[in-house]
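Residue-level structural notes
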Amino acid sequence: MDSLKVAVVEYLRGGRNVSLAESVPSDIMHMVDPYWYKWPPMEPLWFGIIGFIITVLGIMSLTGNFIVMYIFTSSKSLRTPSNMFVVNLAFSDFMMMFTMFPPVVLNGIYGTWIMGPFWCELYGLCGSLFGCVSIWSMTLIAYDRYCVIVKGMSRKPLTISAAVFRLLFVWATCLAWGLFPLFGWNRYVPEGNMTACGTDYFAKDWWNRSYIIVYTVWVYFTPLLTIMFSYWHILKAVRVHEQAMRDQAKKMNVASLRNSEADKGKSVEIKLAKVALVTISLWFLAWTPYGIINWAGIFESMHLSPLSTICGSIFAKANSVCNPIVYGLSHPKYKQVLREKMPCLACGKDDSHSDVKTVATGEISESAA
């Protein structure tokens, strides 16, 4: 089998003495797919650019998510069952960047993966685990808001034990999916410019291809459809509520039933639509390119270059930078506590007294419920 692989590699090289994959140390060369031998080495400048970008994203992600965890756990008013999902999202995003960006920078300095097979598999496992947990944390947040706003008073209140159970289920399931490649269902291999590792989306047999397909359904399509379902019904419910308030105000011959000046001239529908649009858009923009890369690899439907694949991987990780903003700064109580504990980082006006909270809090006014 090894001799056959060597022959395939030599054939793909086409007589060339240098290729991208030839820079990989001998102890990990058996993990490199023959596809990468078709590509010449990348320009050193690209390693520097990628290293700089991932460093900036890493620092922003670690700082932002650490602040989110600190604010939500240090304030008693924010320690609610629903906010456990936000803290979990911040933790998984923090750990993803903590385990992802230093190896990319280190290996980028050497122009290839120098950390050996074990760390390549561990890197792939961490990326799969924490990425999956982040995605499903976003899904739990969206579904929790759906229950609060759409079901209203008829819902069963979320308890700490119920929130913990959901989080444990997510972590256990995501860990199982991350471990499968270590036990023969697909595998973790060097990818792109050989400075990162991920699942083998160039596998030709359907046993390994099936992992990419089923895993994509679990970690991409199911969460995306759930988030879209949740926000669609949230917007629909609030639209009905707003119309009811306008009708009631018309009957009472008043301009508005709202008391707060901050809410006058602002539609709750617009606020909710913006949060929903930002959430789904960031989700789609961050994860879709890498999903396309994986499917293009297994179905051989696109000519994937090393630069495009590593950029797709980094783009997905960049979502961990956006999440603290979407799920943290759009939370009125979070901004209030941030203004108290870290005034230098607070931005925007103080809306702590607003009687209508955005969908990002998972809460609505008493009349809306």
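Residues numbered from 1 in each chain as written. Predicted model: local features only at pLDDT ≥ 70, side-chain atom pairs only at ≥ 80, totals over all residues. Heavy atoms only, no water.

Attention now moves to the overall build of the protein chain. Across its full length, the protein chain holds ten helices and two strands. In sequence order, the protein chain lays out its α and β elements as α-α-α-α-α-β-β-α-α-α-α-α. Taking as baseline every contact in the protein chain between residues at least 6 positions apart, the subset at least 24 positions apart corresponds to 75%. Element-wise, carbon and sulfur atoms account for 69% of the exposed surface of the protein chain, whose accessible area totals about 17,900 Å². (Helix = DSSP H or I, 4+ residues; strand = E, 2+ residues; numbered from the N terminus. Contact = heavy atoms within 4.5 Å. Areas by Shrake-Rupley, 256 points an atom, 1.4 Å probe, with all protein chains shown as cover.)

Turning next to unusual backbone geometry. One can expect most non-glycine residues to show negative phi and most peptide bonds to be in trans. Of note in the backbone geometry, Asn186 takes a positive phi value of approximately 70° without being a glycine. Locating Asn186 in the fold gives a position in the loop between helix H5 (160–179) and strand S1 (188–191). Asn186 gets classed as buried once you look at its relative accessible area, which sits at 4%. In this structure, Met194 takes a positive phi of about 70° despite not being glycine. Locating Met194 in the fold gives a position in the loop between S1 and strand S2 (196–199). (Buried < 20%, exposed > 50% of the residue type's maximum accessible area, 1.4 Å probe, protein only.)

A few words on the UniProt feature "transmembrane region" (unreviewed entry) in the protein chain. In the numbering adopted here, UniProt assigns the feature "transmembrane region" (unreviewed entry) to residues 45–73, 85–110, 122–143, 164–185, 212–235 and 275–298. Structurally, residues 122–143 is divided into 100% helix and 0% strand, and its ends, taken at the C-alpha atoms, are 31 Å apart. (UniProt positions renumbered as here; feature names shortened; annotations may be inferred.)

Another aspect to go through is the pattern of salt bridges. Tallied over the full model, the rule gives two salt bridges. Arg209 serves as the salt-bridge partner of Glu300, at 3.5 Å between the closest nitrogen and oxygen. Placement of the pair is Glu300 in the loop between helix H7 (268–299) and helix H8 (306–317) and Arg209 in helix H6 (residues 206–251), with a sequence separation of 91 residues. Classification of Arg209 by relative accessible area gives buried; the value is 9%. (Salt bridge = Lys/Arg side-chain N within 4 Å of Asp/Glu carboxyl O.)

Axis separation between helix H4 (residues 116–151) and H6 bottoms out at 9 Å; the angle between their running directions is 25°. Considering their axes alone, H4 and H6 lie roughly parallel with respect to each other. Considering the relative orientation of H4 and H6, their crossing is left-handed. (Axes fitted to C-alpha atoms, helices over the stretch in contact; angles between N-to-C directions. Parallel < 35°, antiparallel > 145°, perpendicular 65-115°, else oblique. Left-handed = near helix turned anticlockwise from the far one by under 90°.)

A complete count under the given rule lists 26 aromatic pairs for this structure. Members of the aromatic cluster, connected to one another through ring pairs, are Trp177, Phe180, Trp185, Trp207, Tyr211 and Tyr215. Taking NZ or CZ as reference, Arg209 lies 4.9 Å from the ring centre of Trp206, over its face. (Phe/Tyr/Trp six-rings, centres within 6.5 Å; stacked < 30°, edge-to-face > 60°. Lys NZ or Arg CZ within 6 Å of the ring centre and 35° of its normal.)

Once that is clear, we can look at the nonpolar core. Core analysis: the largest hydrophobic core is formed by 93 residues, its most contacted members being Trp36, Tyr201 and Trp283. Element by element, the count of residues in this core is highest for H4, at 17 residues. Setting aside residues up to four positions removed in sequence, Tyr201 forms contacts with Trp36, Glu191, Tyr290, Ile293, Asn294, Gly297, Ile298, Leu304 and Thr309. (Core = buried A, V, L, I, M, F, W, Y, C linked by side-chain atoms within 4.5 Å.)

Relative to the elements of secondary structure, Ser134 occurs in helix H4. Ser134 gets classed as buried once you look at its relative accessible area, which sits at 3%. A polar contact of 2.7 Å, which involves the side chain of Ser134, links it to the side chain of Ser92. At 2.7 Å, the side chain of Ser134 and the side chain of Asp93 are in polar contact. (Polar contact = N/O pair within 3.5 Å; in protein donor to acceptor, adjacent residues only side chain to side chain.)

A contiguous nonpolar surface patch, about 660 Å² in accessible area, is contributed by Leu45, Trp46, Ile49, Phe52, Ile53, Val56 and Met60. Relative accessible area serves as the criterion here: at 36%, Trp46 is assigned to the partly exposed category. (Patch = residues over 30% accessible without salt bridge, like charges linked within 9 Å, V, L, I, M, F, W, Y side chains within 5 Å.)

In this model, the protein chain carries a mean pLDDT of 81, and residues with pLDDT of at least 70 account for 80%. The spread of mean pLDDT over the elements of the protein chain runs between helix H1 (residues 2–13), the lowest at 46, and H5, the highest at 96. Here residues 352–369 scores under 50 on pLDDT; set against residues more than four positions off or in separate chains, the count is 40 contacts. (pLDDT = per-residue confidence, 0-100.)

In terms of strand pairing, S1 meets S2 through four bridges, oriented antiparallel. By the bridge assignment for S2, Glu191 is matched with Ala196. With antiparallel pairing between neighbouring strands as the criterion, S1 and S2 make up a hairpin whose turn holds four residues, including Gly192 at a positive phi of roughly 60°. (Pairing = 2+ DSSP bridges.)

With that settled, consider H5. Under the 1.5 Å per step criterion, the end-to-end length of H5 is 28 Å for 20 residues, consistent within 8% with the ideal 28 Å. Those residues of H5 not exposed but buried are Ala163, Leu167, Val170, Thr173, Cys174, Trp177 and Gly178. Along the long axis of H5, the arc covered by the buried residues comes to 140°, so they all point the same way. For H5, the exposed residues lying more than 90 degrees away from the buried face are Ser161, Phe165 and Leu168. Looking at the buried side of H5, the elements it contacts are helix H3 (81–110), H4, S1 and H6. (Expected span 1.5 Å × (residues − 1). Arc of directions from axis to C-beta.)

Now for the side chain of Asn193. Relative to the assigned elements, Asn193 resides in the loop between S1 and S2. A polar contact is formed between the side chain of Asn193 and the side chain of Thr195, at a distance of 2.6 Å. Residue contacts for Asn193: discarding those within four places in its chain leaves Leu20, Met42, Phe47, Ile50, Gly111, Pro306 and Ile310.

Moving on, we get to the environment of Ile149. Tracing the sequence through the fold places Ile149 in helix H4. Each C-alpha atom, one on Ile149 and one on Ile234, is 6.3 Å from the other, the two residues being 85 residues apart in sequence.

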